[in-house]
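Letter by letter, the chains look like this.
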Amino acid sequence: MTAVREPVARPEEARARRRQPLLSRRRLPYVLIAPAILFELLIHVIPLLSGVGISFLGLTQFFIRNWTQAPFAGLGNYRRALDFGGPIGEGLLHSFLITAAFTVIVVALAWGMGMLAAQLVNSEFRGQRWFRTLFLVPYAAPVYVSVIAWSFLLDRDNGALNKLLGDLHLIGDEPPFWLIGTNAFWAIVMTTVWRLWPFAFLMILAGMQSIPKELYEAAEVDGASPWRRWRHITLPLLRPVTGVLMIILFLWTFNEFNTAYVLFGPAPPSSADLLSLHIYVNSFVNLNFGLGSAMSVLLLVFLLLVTVVYIRVFRVGSDRLAA
Amino acid sequence: MSFPSRIIRASAAGALAAVVFAVAACGGDDSSSESSGKLKGATINYWASNQGATIDQDNQVISEAAARFKKETGVTVKHKVIPWSDLFTNITTATTSGKGPDVLNIGNTWSATLQATGAFVPFEGDDLKAVGGKEKFLQTSFAASGAPGEEPTSVPLYGLSYGLFYNKKLFKEAGLQPPKTWSEFVDTAKQLTKDTDGDGKPDQWGFAMEGGSITENAHFAFILGRQNGGELFDGNKPTFDTPEIVQGVSDYVNLIGRDKVADPGNAQYADGTRTANQFAKGKTGMFIYQNNAENNLKAAGMEKSAYGVAEVPVKDGSDTPIMTHVAGINLSVFANTKKKAAALEWVKFLTSPEEQVQLNQSFGSLPVVKQAQSDPAFATPNLKTFNGILAENAEPMPLIPEEGQMETFIGEALKGLISDSATKGAVSDAEVEAALKSANEKMAAASGG
């Protein structure tokens, strides 16, 4: 916004006139942001703080009707959650490691598929718009509907996946299980990647469309191969988008709950015991909300640390990133 | 960035006002309070569990009962049928928030767990009288309505019991009789397991199980462990890994991997209908299930004459021939209800002899009140068998506050073992013991804090 200075104004007048809008300009952001802060407090901060409070309580089934009666547990819940030699800590650590592996694989695959599809759709060809719409279907479909459909596909006896693998002679007489045992890990990876990659695709495509075409043309004239053009133009210029995309995908995947819950219910196989579900089981199935909250706080601290370090290292959101 | 303090104050005040508003809105009650004896015009909310073959069937049966109740008392009952898999969570969520229905169904094995939350009205004194008193109920069913020595917070509604379903045609073809002991059972199952289409793989199985179901698994650990003389708890101390329980669990999970009499695919069955469907299609000769499976068999198109029900096989030489836990559905009244008199009236109505006949007949369950039991509707050979098992060979699952957690830990352990049995073959006793030991440790840790 630029202020047009009147040509014949005296310096004092001009200063006074300028001060007026400046003051309200200082207030304006706060006024505008106030509703957001209010709802942020209501929806996120207050529940979060009460969650932190609960983590210090022995809030078990005996007290869920009257939270205020729950005894103070101090750091007891944290101690049990972090005692990796005990059954509760051991379970939490196992769940954390599974979730970490799951997140790395899902984020990598979702980004890779998103990049491939964006590259495809960004070039001119007939029916390009159809593909663009088609790629967004998994993202537009309601989570529960699509995951329930996946659970049918992954059924051992009647599922389409085993039928396909059988027809291709990739499996023998005994079809594998996908929803129990070790394969359950791959079942949840597949389902989550399928659900998440269109988001990566959308973000990357938006980023690609802002890259000037001249750069590619110049590179082509200089004889750069498609690979070199991708490696030296697309990838560096997508860095701001990739920086934000990665952290969002990381946070979503690490906190993934719906897919695991719909596929496995409250008792997932050990290979697919994702952290959010693990915490849910401790809270709502085993009715120990204190312990579940302590685990949630630990998860929050971990995610916060990763996010802060990531933003610092990759300077996400800062201007220098684009340079 | 630092915000001017007045803005923070203003935002905080706004947030507080919004919270107060939200809480006030939640706390509101849209109906006027009632006085007992003047129930007409009241509306109560009721959560029903899924007892029929489909939720639609439940809706129909409950709507009809509600219409009869309205005619009799003028009270409107708004009901919601909640699938079994969601019921426990819905109840605990309602307990936590204080916003729930007036009357609800609970699995009777949860009675002590939910009793400990204090969320339900205890049935004592006038409140017990208001629903017709303790004496009208069958004592076996009434035993599973809360922890021993405490006032019950639920009363029985539907009686359920395990029994052995067998396919009459397949038994006749193979010249078999329903087995009585565990070794006869395994032997019979082996004879029924066949390759009928000549592709070298069995496609007809002796037995079917819901290997992915936490609750079914926990029940079998209890029943078979008890047959060996084991107990899941010694007072408050979990004893899941005693040799008796290990043996019972090993016998069960190895029906797939070692005895090869159940389809490995059973390891992922969890929804309560798949074993019945497999049985109805003649793909399996036997399955052990609760009496409401008769509904699922009917829905799957199997005629009642095509199958029989026998007593659950008992471990050879057992001194404790337990064939079922005291299974069933109970009724509770939420302590937060503003319409307690109407709620109690609905409980009384549902447990009246006439309604007991109607409801249990519709759902294939057993009446829980003495007067309804003698109704000819329940004199069919199958229901007589179930009734006999429930009267003579039943014990309640441990009535402890941690029953819910117990089912989860044991059920999970068995699910893992059955999964191993299906994918890797026979599971050794040492592996069973290790899994149960781990469940035991988790249970001890969970109840310790």
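Note that this is a predicted model, so its numbers are computed, not measured.

The rules behind the values
- Starting from 1, residues in each chain are numbered consecutively following that chain's sequence as written.
- Think of it this way: whatever chain is written first is A, whatever ligand is written first is 1, and the rest follow in order.
- Totals for whole chains, interfaces and linings use every residue, but because this is a predicted model, local features are given only for residues with pLDDT of at least 70 and side-chain atom pairs only at 80 or more, for both listing and counting.
- The basis for every side-chain value is the complete set of non-hydrogen atoms in the structure, without hydrogens or water.
- As used throughout, domain bounds are those supplied by an automatic or database domain assignment.
- By definition, residues are in contact when any of their heavy atoms lie within 4.5 Å.
- Throughout, buried area stands for the accessible area (probe radius 1.4 Å) lost by two parts on being put together, summed over both.
- What pLDDT conveys is the predictor's confidence in a given residue, as a value from 0 to 100.
- Numbered from the N terminus, helices here are DSSP runs of H or I no shorter than four residues, and strands are runs of E no shorter than two.
- To sort residues, take the accessible area from a 1.4 Å probe on protein chains only and compare it with the maximum for the residue type: under 20% means buried, over 50% means exposed, and anything in between is partly exposed.
- The rule for pairing is simple: two strands pair if DSSP sees at least two bridges between them.
- When the strands point away from the viewer and the path from the first strand over the helix to the second turns clockwise, the crossover is right-handed.
- Residues are said to line a cavity or pocket when one of their atoms sits within 4 Å of a point; the points come from a 1 Å grid over protein atoms alone, cavities being sets where a 1.4 Å probe fits but cannot get out and pockets being open sets with protein on both sides within 12 Å along at least five of seven lines.
- Grid points are joined across faces, edges and corners, and a volume is the space filled by probe spheres set on the points.
- The classification used treats Ala, Val, Leu, Ile, Met, Phe, Trp, Tyr, Cys and Pro as nonpolar, Asp, Glu, Lys and Arg as charged, and all other residues, Gly among them, as polar.
- The axes used here are C-alpha line fits, helices contributing only the stretch in contact, and every angle between their N-to-C directions lies in the interval 0 to 180 degrees.
- Each angle receives one of four descriptions, namely roughly parallel if under 35 degrees, roughly antiparallel if over 145, roughly perpendicular if within 65 to 115, and oblique otherwise.
- Crossings are assigned a handedness: left-handed for a near helix turned anticlockwise from the far helix by less than a right angle, right-handed for a clockwise turn.
- To count toward a patch, a residue needs a relative accessible area above 30% and no salt bridge. Like charges then connect within 9 Å, nonpolar side chains (Val, Leu, Ile, Met, Phe, Trp, Tyr) within 5 Å.
- Calculation of accessible area relied on Shrake-Rupley with a 1.4 Å probe; when residues are assessed, cover is drawn exclusively from the protein chains displayed.
- Just to be clear on terms, a salt bridge is a Lys or Arg side-chain nitrogen sitting within 4 Å of an Asp or Glu carboxyl oxygen.
- The term nonpolar core refers to a set of buried residues drawn from Ala, Val, Leu, Ile, Met, Phe, Trp, Tyr and Cys, joined through side-chain atoms within 4.5 Å.

Let's talk about the domain arrangement of chain B
Residues and elements named next belong to chain B.
Moving on, step 1. Domain boundaries assigned for chain B yield domain 1 (43–160 + 326–395) and domain 2 (162–325 + 401–448).
Moving on, step 2. When each unit is reduced to the centre of its C-alpha atoms, the spacing between domain 1 and domain 2 is 27 Å.
Moving on, step 3. Residue-level contacts link 28 residues of domain 1 with 30 residues of domain 2.
Moving on, step 4. Summing the contributions of domain 1 and of domain 2, the shared interface buries around 2,300 Å²; its carbon and sulfur component is 53%.
Moving on, step 5. When residues of domain 1 are sorted by the area they lose upon contact with domain 2, Phe386, Asn393 and Glu395 head the list and together hold 27% of the total.

Let's talk about the confidence of the model for chain A
Moving on, step 1. Across chain A, the average pLDDT comes to 88, with 91% of residues at 70 or higher.
Moving on, step 2. Within chain A, the lowest mean pLDDT, 80, falls on helix α1 (residues 11–54) of chain A, and the highest, 95, falls on helix α3 (residues 87–122) of chain A.

Some details on the pairing of strand β1 (residues 43–49) of chain B
Residues and elements named next belong to chain B.
Moving on, step 1. Taken across its seven residues, β1 has five buried, putting it largely inside the fold.
Moving on, step 2. As paired strands, β1 and strand β2 (residues 76–82) are joined by seven bridges and run parallel to one another. Across the sheet, isoleucine 44 pairs through a bridge with valine 77, a residue of β2.
Moving on, step 3. For the handedness criterion, the β-α-β arrangement of β1, helix α2 (residues 55–73) and β2 is classed as right-handed.
Moving on, step 4. Pairing of β1 with strand β3 (residues 103–107), which is carried by two bridges, proceeds in the parallel orientation. Bridge pairing in β3 places tryptophan 47 opposite leucine 104.

Side note on the layout of surface pockets
Moving on, step 1. Considered as a void within the structure, the second largest pocket measures approximately 1,300 Å³ in volume.
Moving on, step 2. At the level of secondary structure, the elements contributing two or more residues to the lining of the second largest pocket comprise α3, α13 (275–285) and α14 (289–314) of chain A together with α17 (403–424) and α18 (429–448) of chain B.
Moving on, step 3. Ranked by residue count, the leading element in the lining of the second largest pocket is α17(B), at 12 residues.
Moving on, step 4. Grouping the amino acids of the lining of the second largest pocket by side-chain chemistry returns 18 nonpolar, 21 polar and nine charged.

Section: the packing of helix α9 (residues 214–227) of chain B against helix α10 (residues 243–257) of chain B
Residues and elements named next belong to chain B.
Moving on, step 1. Remark: α9 packs on α10, axes separated minimally by 8 Å, with the N-to-C direction vectors making an angle of 120°. When the interaxial angle is binned, α9 and α10 end up oblique. When you trace α9 past α10, the crossing you get is right-handed. Contact with α9, carried on its side by Asn217, Phe220, Ala221, Leu224 and Gly225, involves Glu244, Ile245, Gly248, Val249 and Tyr252 of α10 and no other residues of that element.

Quick notes on a nonpolar patch on the surface
Moving on, step 1. A surface patch of nonpolar side chains, about 420 Å² in accessible area, is lined by Leu120(A), Phe125(A), Phe131(A), Leu134(A) and Val137(A).
Moving on, step 2. The topology assignment puts Phe125(A) in the loop between α3 and α4 (128–135).

Concerning the side chain of Asn295(B)
Moving on, step 1. One can find Asn295(B) in helix α12 (residues 293–299).
Moving on, step 2. Sequence-distant contacts of Asn295(B), that is, excluding residues within four places in its chain, are made with Gln51(B), Gly52(B), Ala53(B), Gln57(B), Ser362(B), Phe363(B) and Gly364(B).

Topic: the sheet that holds strand β6 (residues 205–208) of chain B
The strands that make up a sheet are held in pairs by hydrogen bonds between backbone atoms, and each pair lies either parallel or antiparallel.
Residues and elements named next belong to chain B.
Moving on, step 1. A sheet is described by the order of its strands in space; here four strands give the open sequence β6-β9-β5-β10, paired in mixed fashion. Two strands close off the open sheet at either side, each with one partner strand: β6 and β10 (307–310). In this sheet, adjacent strand axes meet at a mean angle of 25° when their direction is disregarded.
Moving on, step 2. Two elements, strand β5 (residues 162–167) and strand β9 (residues 284–290), share five bridges in a ladder whose sense is antiparallel. Bridge assignment links leucine 164 to a residue of β9, and that residue is isoleucine 288.
Moving on, step 3. In this fold helix α8 (residues 182–192) packs onto β5, β6 and β9, with an angle of close to 135° to the strand it touches most, β9.

Some points on the sheet that holds β2(B)
All names here are of chain B.
Moving on, step 1. Ordered in space as β2-β1-β3-β12-β4, the five strands form an open sheet in which the pairing is mixed. Looking at the sheet topology across the chains shown, the edges are occupied by β2 and β4 (155–160). The average angle at which neighbouring strand axes cross in this sheet is 25°, direction not considered.

Structural notes on the nonpolar core
All names here are of chain B.
Moving on, step 1. Formed by 62 residues in total, the largest nonpolar core has its most connected members in Tyr46, Val103, Phe165, Phe287, Leu297 and Trp346.
Moving on, step 2. Considering every element that reaches this core, the biggest residue donor is helix α13 (residues 340–350), with seven residues.
Moving on, step 3. No fewer than three residues from each of domain 1 (43–160 + 326–395) and domain 2 (162–325 + 401–448) sit in this core.
Moving on, step 4. Membership of the second largest hydrophobic core comes to 57 residues, among which are Phe185, Leu224, Ile245 and Ala310.

A short note on the confidence of the model for chain B
All names here are of chain B.
Moving on, step 1. Predicted confidence across chain B gives a mean pLDDT of 89, with 91% of residues reaching 70 or more.
Moving on, step 2. Looking at the elements of chain B, mean pLDDT is at its lowest for helix α1 (residues 5–27), recorded as 41, and at its highest for β5, recorded as 98.
Moving on, step 3. Segment residues 1–36 is flagged for pLDDT under 50; beyond a separation of four residues in sequence, or across chains, it makes 30 contacts in the model.

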